[in-house]
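# Structural features, examined
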Amino acid sequence: MNIIIKTPEEIEKMRVACRLGAEVLDYIAPFVKVGVTTQEIDRLCLDYMVNVQGTKSACLNYAPPGYAPYPAATCTSINHQICHGIPNDRALKEGDIVNIDVTVITKDGFHGDTSRMFLLGTPSIQAKRLCDITFECLWLGISVVKPGGRLGDIGAVIQKHAEKAGFSVVREFCGHGVGRSFHEDPQVLHYGRAGTGAELKPGMIFTIEPMINAGKAAIRQMPDGWTVTTKDRSLSAQYEHTVLVTETGVEALTVSKDCPPAPVGMGV
Ligand code: MF3
Ligand code: CO
Ligand code: CO
């Protein structure tokens, strides 16, 4: 495992990349309404990245080993879709919950990776609770990040909170180091034991992006090669921030004017 410690210059460039990633989500929020298609959302996001920000989408044509190039600029994962939902021509409807996941690449070559849930109209009580618990899981994970801590501390608090609520943690996908590369070491599991795993050091930058299912944790890979859903078709939610380990604790980098604030008592 090779966890890159970012220099002060690289950290400054990551602050910019991450803020820009978050600002794409701020920009798209007013368009995420009943009747809009995820393709339209994707087109608007890409246009904003390229023509307003001067960034690129890290997702478009992304092709890790064993995968066909990803065909869109964003991931839009609706209801029982866990992650990597490919935008399409189906309109969002009342009560849907949709995760929009954006990763920009700046002109300097740095990646800012973040996602949020958007709730269409009035979702079910369970859907709302799943989104709330998942957001709390993200911030509980962030709140234990500090130099001298361990990666397992993050997974442990997330798993505990999700399972206490009667939900389950997806195992097959995890957070990841991020910087000049989209996906770097380490893998940031969203389950596990406190006090285990790599030691956290100032200058590390990684994502925390728990995927929490209302039902069982098992996943199903769709034939499109990308979209991942829950096997039991239960709802799934995800929130993602990119975070920096500082000398004294943690800084969430993918924050912006309109990003939902940390739950009361969980801010850092
Ligand atoms: N943004 C996702 C993550 O959080 C990765 C999406 S890869 C894509 O790691 F190719 F599906 F876009
Ligand atoms: Co990520
Ligand atoms: Co992401």
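Conventions used here
Residues numbered from 1 in each chain as written. Chains lettered and ligands numbered in written order. Predicted model: local features only at pLDDT ≥ 70, side-chain atom pairs only at ≥ 80, totals over all residues. Heavy atoms only, no water. Phe/Tyr/Trp six-rings, centres within 6.5 Å; stacked < 30°, edge-to-face > 60°. Buried < 20%, exposed > 50% of the residue type's maximum accessible area, 1.4 Å probe, protein only. Helix = DSSP H or I, 4+ residues; strand = E, 2+ residues; numbered from the N terminus. Pairing = 2+ DSSP bridges. Axes fitted to C-alpha atoms, helices over the stretch in contact; angles between N-to-C directions. Donors = N, O, S within 2.8 Å, 3.2 Å for Na, K, Ca; no water. Tetrahedral: all angles 85-135°; square planar, octahedral: opposite > 155°, others 65-115°. Polar contact = N/O pair within 3.5 Å; in protein donor to acceptor, adjacent residues only side chain to side chain. Contact = heavy atoms within 4.5 Å. Parallel < 35°, antiparallel > 145°, perpendicular 65-115°, else oblique. Left-handed = near helix turned anticlockwise from the far one by under 90°. Nonpolar A, V, L, I, M, F, W, Y, C, P; charged D, E, K, R; others polar. Near = heavy atom within 4 Å. Areas by Shrake-Rupley, 256 points an atom, 1.4 Å probe, with all protein chains shown as cover.

Another point: the packing of aromatic side chains. One pair of aromatic rings is described through two measures. These are the centre distance and the angle between the planes. On inspection of all chains with the given rule, the structure shows six aromatic pairs. Where Y27 meets F31, the ring centres are 5.3 Å apart and the plane angle is 50°; that geometry is what we call tilted. For F31, a relative accessible area of 35% corresponds to the partly exposed category. On the basis of an interplanar angle of 10° and a centroid distance of 4.2 Å, the ring pair of Y27 and Y48 is categorised as stacked. Residue Y27 is located in helix α1 (residues 8-28), and its partner Y48 is located in helix α2 (residues 38-53); the two are separated by 21 residues in the primary sequence. What makes Y27 partly exposed here is its relative accessible area of 23%. Classification of Y48 by relative accessible area gives buried; the value is 18%. Pairwise contacts between aromatic rings join Y27, F31 and Y48 into one cluster.

Bringing the sheet that holds strand β11 (residues 219-221) into the picture now. Ordered in space as β3-β12-β11, the three strands form an open sheet in which the pairing is antiparallel. Two strands close off the open sheet at either side, each with one partner strand: β3 (81-83) and β11. When the angles between neighbouring strand axes are averaged without regard to direction, this sheet yields 40°. Pairing analysis gives three bridges linking β11 to strand β12 (residues 228-230), with the strands arranged antiparallel. Looking at the pairing, R220 lines up with T229 of β12.

Geometry reference: four tetrahedral donors at a metal, ideal angle 109.5 degrees. Six octahedral donors, ideal angles 90 or 180 degrees. Only D113 (OD), H176 (NE2), E209 (OE) and E240 (OE) from the protein reach the cobalt ion (ligand 2) as donors, at distances of 2.0 to 2.2 Å. If you look at the cobalt ion (ligand 2), its six donor atoms make angles of 51 to 161° with each other, and the shape they trace is irregular. Mapped onto the sequence, the donors of the cobalt ion (ligand 2) take the spacing D-x62-H-x32-E-x30-E. Taken as a pair, the cobalt ion (ligand 2) and the cobalt ion (ligand 3) lie 3.3 Å from each other and share D113 as a ligand. Of this pair, D113 sits in strand β5 (residues 111-119) while E240 sits in the loop between β13 (236-238) and β14 (241-245), placing them 127 residues apart in sequence. For the pair D113 and E240, one class covers both residues: buried.

The subject of this paragraph is the side chain of K6. With respect to the helices, strands and loops of the structure, K6 is situated in the segment before α1. Judged by its relative accessible area of 7%, K6 falls in the buried class. Within the structure, the side chain of K6 is placed 2.8 Å from the side chain of E184, a separation counted as a polar contact. Among residues more than four places away in sequence, those in contact with K6 are I11, V178, G179, E184, G203 and I205.

Before going further, it helps to examine the packing of α1 against α2. For any two helices packed against each other, one specifies the crossing angle of their axes together with the interaxial distance. The contact between α1 and α2 brings their axes to 10 Å, and the two run at 130°. Taken together, the axes of α1 and α2 lie oblique to each other. Of the two elements, α1 crosses α2, and the hand of that crossing is right-handed. Of the residues in α2, those in contact with L20, E23, V24, Y27 and I28 of α1 are I41, L44, C45, Y48, M49 and Q53. Class assignment for the residues of the contact of α1 with α2 results in nine nonpolar, one polar and one charged.

Another aspect to go through is the site of ligand 1. Close contacts around ligand 1 come from 14 residues, with C59, H176, H183, E209 and E240 the closest. At 3.1 Å, a side-chain N or O of D101 approaches a nitrogen atom of ligand 1. Between an oxygen atom of ligand 1 and a side-chain N or O atom of D113, the distance comes to 3.2 Å. Within the complex, the protein chains bury 97% of what would otherwise be the 340 Å² of accessible surface of ligand 1. In terms of residue class, the shell around ligand 1 is made up of six nonpolar, four polar and four charged.

Honestly, it's all geometry; don't read function into it.
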